[in-house]
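# Structure assessment
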Amino acid sequence: MTDLLTRPAAVDEQPAAPMDIHIPPVMIKPPRDPRWRRRVAGGAAVLVLVAGGGSAGAYLMEQHLHTTTTAAVAADVATITEGTDLAPIVAQVQPSVVTVLVDGAQESSLGSGVVIGADGLILTNNHVIASDGTVSVRLSTGQTVPARVVAADATHDLALVQATGLAGLTPVTFATDDSVAVGDTVLAFGAPLGLEGTVTSGIVSALDRSLDTGDEKLTGLLQTDAAINQGNSGGALVDTSGRVVGINVAIATAGDSTGSVGLGFAIPADTVTGVVAQLKALAG
């Protein structure tokens with residue numbers, strides 16, 4: 001089970017190949033659903049990274065990537081130099097990252113999530129839990145517990161999941177958008193290709209990216225070159241203080257590739273915290 005995040009090689013005197021954009025859970029088997037047939041005609045395509053093990057699995061949708069970028073803002077984070085040990089940051093954040101699984105009669109999917117409540121309240125992408133099936137959450141310790149979806153916002157691609165029978169978990173800490181600048185070191189946490197507990201590193205490579213899915217528009221996204229793949233959807237993008245600066249949501253790929261080419265996207269922290277507050281109110 002895997003969550004997909006995804007997005008030319010130039011040939012002499014040949015036009016550049018179009019980009020594809022994917023939104024993450026993880027694939028187990030190549031999907032047979034006809035929605036996976038690519039229809040890239042001059043624009044970028046977005047792949048929703050929902051890992052699938054059945055006949056449907058993840059899905060691909062045509063999208064356009066807009067390249068508006070805002071000016072960088074000075075970041076209030078630790079300076080990273082070559083040789084800096086990132087292990088303490090990983091140790092700090094890893095217990096707050098989970099794997100979200102959805103098992104259905106005909107398909108299964110896998111994505112990532114972050115703990116936002118000590119009692120097991122989990123934040124993930126809406127597309128991770130959008131398919132029908134039984135939801136469960138696997139902690140960083142390997143413990144798997146039943147869960148249920150309590151609220152979702154398809155417009156912003158975020159959802160809250162309540163895991164049962166848990167207490168004493170460590171919620172993540174969110175940064176604010178004005179603490180993020182192009183060039184900041186970031187770490188991406190999640191379960192790419194079903195490999196739980198994976199961490200990759202990179203920088204914030206652009207701000208204020210927009211993805212048009214046709215059904216909704218995701219705006220103000222952070223762009224990063226930290227490797228993100230299927231299964232990373234809903235996972236954390238954190239700064240060097242261990243604060244969540246974004247929730248991983250999509251990647252761009254080139255041609256027929258579905259793997260990372262160093263163009264990943266995350267929903268920024270201010271958007272996330274605002275939507276979470278609304279979802280909590282909706283859930284009562």
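Conventions used here
- Residues numbered from 1 in each chain as written.
- Predicted model: local features only at pLDDT ≥ 70, side-chain atom pairs only at ≥ 80, totals over all residues.
- Heavy atoms only, no water.
- Pairing = 2+ DSSP bridges.
- Helix = DSSP H or I, 4+ residues; strand = E, 2+ residues; numbered from the N terminus.
- Axes fitted to C-alpha atoms, helices over the stretch in contact; angles between N-to-C directions.
- Buried < 20%, exposed > 50% of the residue type's maximum accessible area, 1.4 Å probe, protein only.
- Salt bridge = Lys/Arg side-chain N within 4 Å of Asp/Glu carboxyl O.
- Core = buried A, V, L, I, M, F, W, Y, C linked by side-chain atoms within 4.5 Å.
- Contact = heavy atoms within 4.5 Å.

- Labelled according to an unreviewed UniProt entry, the protein chain appears under the name Putative trypsin-like serine protease, originating from Actinoplanes missouriensis.

### A word on the sheet that holds strand β8 (residues 134-138)
- Ordered in space as β5-β6-β7-β10-β9-β8, the 6 strands form a closed barrel in which the pairing is antiparallel. If you compare each strand with its neighbour and ignore which way they point, the axes differ by 40° on average.

### What about the pairing of strand β10 (residues 158-163)?
- Burial analysis of β10 places 6 of its 6 residues in the buried class, which makes it a mostly covered element.
- By the alternation rule, side chains of β10 split into Leu158, Leu160 and Gln162 and Ala159, Val161 and Ala163, which are all buried.
- As defined by bridge partners, strand β7 (residues 121-124) adjoins β10 across 4 bridges and the pair is classed as antiparallel. Bridging across to β10, Thr124 finds its partner in Ala159.
- By the bridge criterion, 6 bridges tie strand β9 (residues 144-153) to β10 in an arrangement that is antiparallel. Bridging across to β10, Val149 finds its partner in Val161.

### Some details on the pattern of salt bridges
- The final tally for this structure, using the stated rule, is 2 salt bridges.
- The residue Arg138 makes a salt bridge to Glu196 at a minimum N-O spacing of 2.4 Å. Highlighted residues: Arg138 in strand β8 and Glu196 in the loop between β11 (185-190) and β12 (198-212), separated in sequence by 58 residues.
- As a salt-bridge pair, Arg243 and Asp239 come within 2.9 Å of each other at their nearest N and O atoms.

### Here we look at the nonpolar core
- If you look at the biggest cluster of nonpolar residues, it comprises 29 residues, and the most contacted ones within it are Ile116, Leu123 and Val238.
- Here this core gets 5 residues from one element, more than from any other, and that element is strand β15 (residues 244-254).
- Ignoring any residue separated from it by four or fewer positions in sequence, one finds Leu123 in contact with Gly113, Val114, Ile116, Leu158, Ala159, Leu160, Phe174, Gly234, Ile247, Val272 and Val276.
- In terms of nonpolar packing, the next biggest core, distinct from the first, is built from 17 residues, Val98, Val137, Val145 and Leu169 among them.

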